[in-house]
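Remarks on the overall topology
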Amino acid sequence: MTKVLLTGGSGFIAAHILEQLLAKGHSVVTTVRTEDKAAKIREAYADKAAAGELQTVVVPDIARPDAFDDVVKIPGIEVVLHTASPFHFKITDPKKDLVDPAVIGTTGILKAIARSAPAVRRVVVTSSFAAILDEPKISDPTTVFSEASWNPVTIDDIHRSSATAYRASKTLAERAAWAFVAAPPADSVAKFDLVTVNPPMVFGPVAHHLASLDGLNTSNERFLDLLRGKWKAGGVPSTGAAMIWVDVRDVAAAHVRAGLELPAAGGKRLFTTAGSYSNAAIVDIVRRNFPADAAILPSDDQLGPGKLPPADQRFKVDNAATTELLGIDWIPFEKTVVDTIKSLKEHGA
């Protein structure tokens, strides 16, 4: 059994990481922003909390440089999985709302570990495909994004759009993490290596302790809109620039394996993707698997905007190194869509 610090434990990805860690018998300290969220996690895993295998700690503002100073001092923590970072486009000030929480949250926890957590041997940071892609090249069929690719975005670009600001936040946070481990403080008491996990759009079933659909993660909102008839009323939206996806359960498994099971993952970026997807494909899968919902689905002549561009008008990906290292058979898109729809229905959609 390993003692793990998991930040952002109520988040979409982290909730699945938490479930997998506890199922494997590990002890988990997880941070959340509010006591209400902490209580819901303890309620969902009451037996683990009672046995001392699950501890919740409230960290209300991850953008504070000292946010994680106390929690890393909890004795025995060997692995840190840092998932806490914003993913939303509901912003007024891109630097304050996105960049600062991502960059300061990441560097803050690394500094805290270096000062006060001598047992920590590995840190896994949740990054993103946003830190890999290059916006002007997403329609270039000669571009192949891989673990070695970096988004060239800078802080000067954050006012271009909300999407660009989000991509900058993830890129700058990941660059700051790699820079920190490349030149750790001379007085560091911890010797740890780093792994980053870089997923694109993350879909899949929601955690059991999701309080309400109002708190649904951004990437899954498209499924809720479909179930609520918004796509039929307003047409199928564009799939978006990413055009690639991965199941949340595979992303969680990547964190667990990279953090606790695969020594060779140290120093690696993991590009976790199962391939391309489209909103039109989501409609087709729901129509096949949920015939009772036919009345709320858009018609075939509404699918156009949601289809993928032709292969000669979009980028390619190569994540063979990640697939080989992790040994994951990526969950297929149909299973992800079906499981996501079932999960949302269970939560009242």
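Each value, and the rule that gives it
Residues numbered from 1 in each chain as written. Predicted model: local features only at pLDDT ≥ 70, side-chain atom pairs only at ≥ 80, totals over all residues. Heavy atoms only, no water. Pairing = 2+ DSSP bridges. Helix = DSSP H or I, 4+ residues; strand = E, 2+ residues; numbered from the N terminus. Contact = heavy atoms within 4.5 Å. Axes fitted to C-alpha atoms, helices over the stretch in contact; angles between N-to-C directions. Buried < 20%, exposed > 50% of the residue type's maximum accessible area, 1.4 Å probe, protein only. Parallel < 35°, antiparallel > 145°, perpendicular 65-115°, else oblique. Left-handed = near helix turned anticlockwise from the far one by under 90°. Nonpolar A, V, L, I, M, F, W, Y, C, P; charged D, E, K, R; others polar. 1 Å grid on protein atoms, 1.4 Å probe; cavity = no way out; pocket = protein on both sides within 12 Å on 5 of 7 lines; lining within 4 Å. Points joined across faces, edges and corners; volume = space filled by probe spheres on them. Salt bridge = Lys/Arg side-chain N within 4 Å of Asp/Glu carboxyl O.

**Thoughts on the sheet that holds strand S7 (residues 193–197)**
Pairing is parallel across the open sheet formed by 7 strands, whose spatial order is S3-S2-S1-S4-S5-S7-S10. The two strands at the open ends of the sheet, each matched to only one other strand, are strand S3 (54–58) and strand S10 (269–270). Summarising the sheet, strand S5 (residues 122–126) and S7 pair through 5 bridges and their orientation is parallel. The partner of Val 125 across the bridge, within S7, is Thr 196. Contacts between helix H2 (residues 35–44) and the sheet are confined to strand S2 (27–32) and S3, with S3 contributing the most and set at about 170° to the helix. Lying over the sheet, helix H8 (residues 248–261) contacts strand S1 (3–7), strand S4 (79–82), S5, S7 and S10, oriented at roughly 160° with respect to S5.

**A word on unusual backbone geometry**
The phi dihedral of Met 243 is positive, around 65°, even though this residue is not glycine. Take Met 243: it is sitting in the loop between helix H7 (230–234) and strand S9 (244–247).

**Notes on helix H9 (residues 279–289)**
For H9, the complete set of buried residues consists of Asn 279, Ala 280, Ile 282, Val 283, Ile 285 and Val 286. For H9, the elements touching its buried residues are helix H6 (221–227), H7 and helix H11 (333–346).

**A short note on the packing of helix H4 (residues 94–116) against helix H5 (residues 162–182)**
Taken N-terminus to C-terminus, the directions of H4 and H5 make an angle of 15°; their axes are 9 Å apart at the nearest point. If you check the angle between H4 and H5, you find them roughly parallel. Handedness of the crossing formed by H4 with H5: right-handed. Residues Pro 94, Leu 98, Val 99, Ala 102, Val 103, Thr 106, Thr 107, Leu 110, Lys 111 and Ala 114 of H4 pack against Ser 162, Ala 165, Tyr 166, Ser 169, Leu 172, Ala 173, Ala 176, Ala 177 and Phe 180 of H5. When the residues that make up the contact of H4 with H5 are grouped by side-chain class, the tally is 14 nonpolar, 4 polar and 1 charged.

**A look at empty space enclosed by the protein**
Counted according to the given criterion, the structure contains 1 cavity of 30 Å³ or more. Taken as a whole, the largest cavity encloses approximately 70 Å³ of empty space. Taken together, 13 residues line the largest cavity, and the ones lying closest to its centre are Thr 106, Val 125, Thr 126, Lys 170 and Ala 173. Those elements giving two or more residues to the lining of the largest cavity turn out to be H4, S5 and H5. Ranked by residues supplied to the lining of the largest cavity, first place goes to H5 with 4 residues. Here the residues of the lining of the largest cavity sort into 4 nonpolar, 7 polar and 2 charged.

**Regarding the pattern of salt bridges**
If you walk through the whole model with that rule in mind, you get 22 salt bridges. Among the ionic pairs, Lys 40 bridges to Asp 36, the shortest N-O distance being 2.9 Å. Of this pair, Lys 40 and Asp 36 both sit in helix H2, 4 residues apart, roughly one helical turn. Between Arg 121 and Glu 78 there is a salt bridge, with its nearest N and O atoms 3.4 Å apart. Of this pair, Arg 121 sits in the loop between H4 and S5 while Glu 78 sits in the loop between S3 and S4, and the two are 43 residues apart along the sequence.

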